[in-house]
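Observations on the model geometry
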Amino acid sequence: MIWDLPTRLFHWSFVICIIGAFLTGREGNLFWHEIFGLAALGLFIFRIIWGFVGHASARFANFVVGPRHIWQYLTDLRHRRDDPYPGHNPLGALSVLALLALMGTLGLTGLWTGDDILYEGPLTFLAPNWAGVAGRWHILLQQLILPLVGLHLAALLAHHFFLRERLVRRMITGGKDDTAAKPTRTRLGLALLAICVGGALSLATLTPNY
Ligand code: HEM
Ligand code: HEM
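The text that follows walks through the structure, step by step, so that each part is easy to find. Please read these numbers as outputs of a predicted model, since none were measured by experiment. Residue numbers here run from 1 along each chain, matching the order of that chain's written sequence. Just so you know, chain letters begin at A and ligand numbers begin at 1, following the order they were written in. Per-residue local features are limited, in this predicted model, to residues with pLDDT of at least 70; the limit for side-chain atom pairs, both in listing and counting, is 80 or more; totals at the level of whole chains, interfaces and linings are taken over all residues. The side-chain figures draw on all heavy atoms in the structure; neither hydrogens nor water molecules are used.

Concerning the side chain of Asp4
Structurally, Asp4 can be placed in the segment before α1 (5-27). Look at Asp4: it is buried, it has no salt bridge, and the nearest opposite charge is Arg8 at 6.3 Å. The term polar contact refers here to a pair of N or O atoms within 3.5 Å; inside protein, the definition further demands a hydrogen-donor-capable atom paired with an acceptor-capable atom, and it admits residues adjacent in sequence only when both atoms are side-chain atoms. A polar contact of 2.4 Å, which involves the side chain of Asp4, links it to the side chain of Thr7. Side chain to side chain, Asp4 and Trp50 meet in a polar contact 3.2 Å long. Helix and strand definitions here come from DSSP, where helices need a minimum of 4 consecutive H or I residues and strands a minimum of 2 consecutive E residues; each element is numbered from the N-terminal end. Note on classification: 1.4 Å probe, protein chains only; a residue is buried when its accessible area is under 20% of the maximum for its type, exposed when over 50%, partly exposed between these limits. Under this rule, positive means Lys or Arg and negative means Asp or Glu; His and the chain ends count for nothing. Salt bridges, as used here, are contacts in which a Lys or Arg side-chain nitrogen is within 4 Å of a carboxyl oxygen on Asp or Glu.

In structure tokens form, the structure reads like this:
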């Protein structure tokens, strides 16, 4: 198996939470925005930890590579039909890191973001001076969501049509890789995921008067 259950569960929950946070943020529905945003933050924290202790394909050390590998991947591309990388390819790894960095920063800055009217972020009381800067970055960076997600989806379409790689099916079923070790820490991963999301959601109790 390529993608273990915790990684797949992370991905599809992340998709739901980011879409939810994006739509509710743009609508100004801050009750649901906070819930989706905090859940996304919990998922992000899970994915960072899982990137060090998780199944082989989820570990950063196994897919984050330097420019030489990326160049090699690009020059080898025409031989790769029907033979997808057993995990993120060197170029795709860049987009994974960019997506995680953007969403993680939005989740973290959100903790200090207010609407200047009724709503104050759950951690504003801890460092009130930081709230103005965090809020400005939150509003600025959210403009990158559509371009980055658009690029992610365009890359998947390119894999589907030009390289004939079924990456989406693989992210749903886990995919097959007989050479890879079987995932062994599934239960640990699921528990960690629940703890991270639960812990992040519990921050909502710190939000004043909302
Ligand atoms: C808000 C929208 C989305 C976000 C933020 C997002 C984010 C991500 C992230 C962070 C990863 C890396 C997964 C990991 O290593 O844990 C990933 C991979 C992936 N995503 Fe998404 N995703 C989004 C939408 C979608 C959609 C709509 C699809 C399918 C139609 C999709 C299909 C995939 C696939 C197939 C991979 C694995 C690519 C590979 O084999 O290297 N994503 N996505
Ligand atoms: C990955 C998670 C998050 C995403 C993708 C996200 C995205 C967004 C978006 C798209 C907006 C609308 C900006 C605009 O149109 O002006 C917004 C606004 C806002 N977000 Fe988030 N957000 C996230 C997490 C959070 C969290 C965790 C909180 C608080 C706990 C938060 C608090 C706010 C507030 C208060 C606003 C309104 C700011 C204003 O009206 O000036 N966000 N966010």
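The rest of the description comes next.
Examining the coordination of the iron atom of ligand 1
Within the first shell, the iron atom of ligand 1 binds the protein through His11 (NE2) and His152 (NE2), at distances of 2.0 Å. Metal coordination here is assigned from N, O and S atoms located within 2.8 Å of the ion, or within 3.2 Å for Na, K and Ca; omission of water means that sites may look incomplete. Note on geometry labels: four donors, all angles 85 to 135 degrees, give tetrahedral; four donors become square planar and six octahedral when opposite donors are over 155 degrees apart and every other angle is between 65 and 115; remaining cases are irregular. In this structure, the iron atom of ligand 1 is surrounded by six donor atoms whose angles at the metal cover 85 to 179°, and the resulting shape is octahedral. Taken as a pair, His11 in helix α1 and His152 in helix α7 (residues 145-161) lie far apart in primary sequence, 141 residues in all.

Quick look at the coordination of the iron atom of ligand 2
Ligation of the iron atom of ligand 2 by protein atoms is provided by His33 (NE2) and His138 (NE2), these donors lying 2.0 Å from the ion. In this structure, the iron atom of ligand 2 is surrounded by six donor atoms whose angles at the metal cover 86 to 178°, and the resulting shape is octahedral. Of this pair, His33 sits in helix α2 (residues 30-53) while His138 sits in helix α6 (residues 131-141), placing them 105 residues apart in sequence. There is no split in this pair, since His33 and His138 are both buried.

Some points on the environment of Leu156
Of note, Leu156 is situated in helix α7. In sequence terms Leu156 and Gly92 are 64 residues apart; their C-alpha atoms lie 9.5 Å from each other. Contact definition: two residues touch when any of their heavy atoms are within 4.5 Å. Among all residues touching Leu156, those that are not within four sequence positions of it are Leu167 and Val168.

Details of the layout of surface pockets
The volume enclosed by the largest pocket comes to roughly 1,100 Å³. A 1.4 Å probe that fits but cannot get out identifies a cavity on a 1 Å grid over protein atoms alone, an open set with protein on both sides within 12 Å along at least five of seven lines counts as a pocket, and a residue lines either if it has an atom within 4 Å of a point. Lining the largest pocket are 44 residues, with His11, Ser95, Leu99, His152 and Leu156 sitting closest to its centre. Sorting the residues of the lining of the largest pocket by element identifies α1, α4 (67-76), α5 (90-110), α7 and α8 (167-173) as the ones contributing at least two each. By residue number, the principal contributor to the lining of the largest pocket is α7, which donates ten residues. Looking at the lining of the largest pocket residue by residue, the classes come out as 31 nonpolar, nine polar and four charged. Grid points are joined across faces, edges and corners, and a volume is the space filled by probe spheres set on the points. By volume, the second largest pocket amounts to about 590 Å³. Around the second largest pocket sit 30 residues that line it, and Ala21, Gly25, His33, Gly110 and His138 are the ones nearest its centre. Of all the secondary structure elements, the ones that give two or more residues to the lining of the second largest pocket are α1, α2, α5 and α6. Of the residues contributing to the lining of the second largest pocket, the split by class is 16 nonpolar, eleven polar and three charged. All residues other than Ala, Val, Leu, Ile, Met, Phe, Trp, Tyr, Cys, Pro, Asp, Glu, Lys and Arg, Gly among them, are scored as polar; the first ten of these are nonpolar and the last four charged.

Thoughts on the packing of α1 against α2
As a rule, the C-alpha atoms of each element are fitted with a line to give its axis, helices using only the stretch in contact, and angles between N-to-C directions run from 0 to 180 degrees. Their axes nearest at 8 Å, the elements α1 and α2 cross at an angle of 150°. Between α1 and α2, the crossing angle belongs to the class labelled roughly antiparallel. Crossing hand, α1 versus α2: left-handed. The residues of α2 that touch α1, namely those facing Pro6, Thr7, Phe10, Ser13, Phe14, Ile16, Cys17, Ile18, Gly20, Ala21, Thr24 and Gly25, are Trp32, His33, Phe36, Gly37, Ala39, Ala40, Leu43, Phe44, Phe46, Arg47 and Trp50. Tallied by class, the residues present in the contact of α1 with α2 amount to 15 nonpolar, seven polar and one charged. Roughly parallel refers to an angle under 35 degrees, roughly antiparallel to one over 145, roughly perpendicular to one between 65 and 115, and oblique to any angle outside these ranges. Take the far helix as the reference: if the near one is turned anticlockwise from it by less than a right angle, the crossing is left-handed, and if turned clockwise, right-handed.

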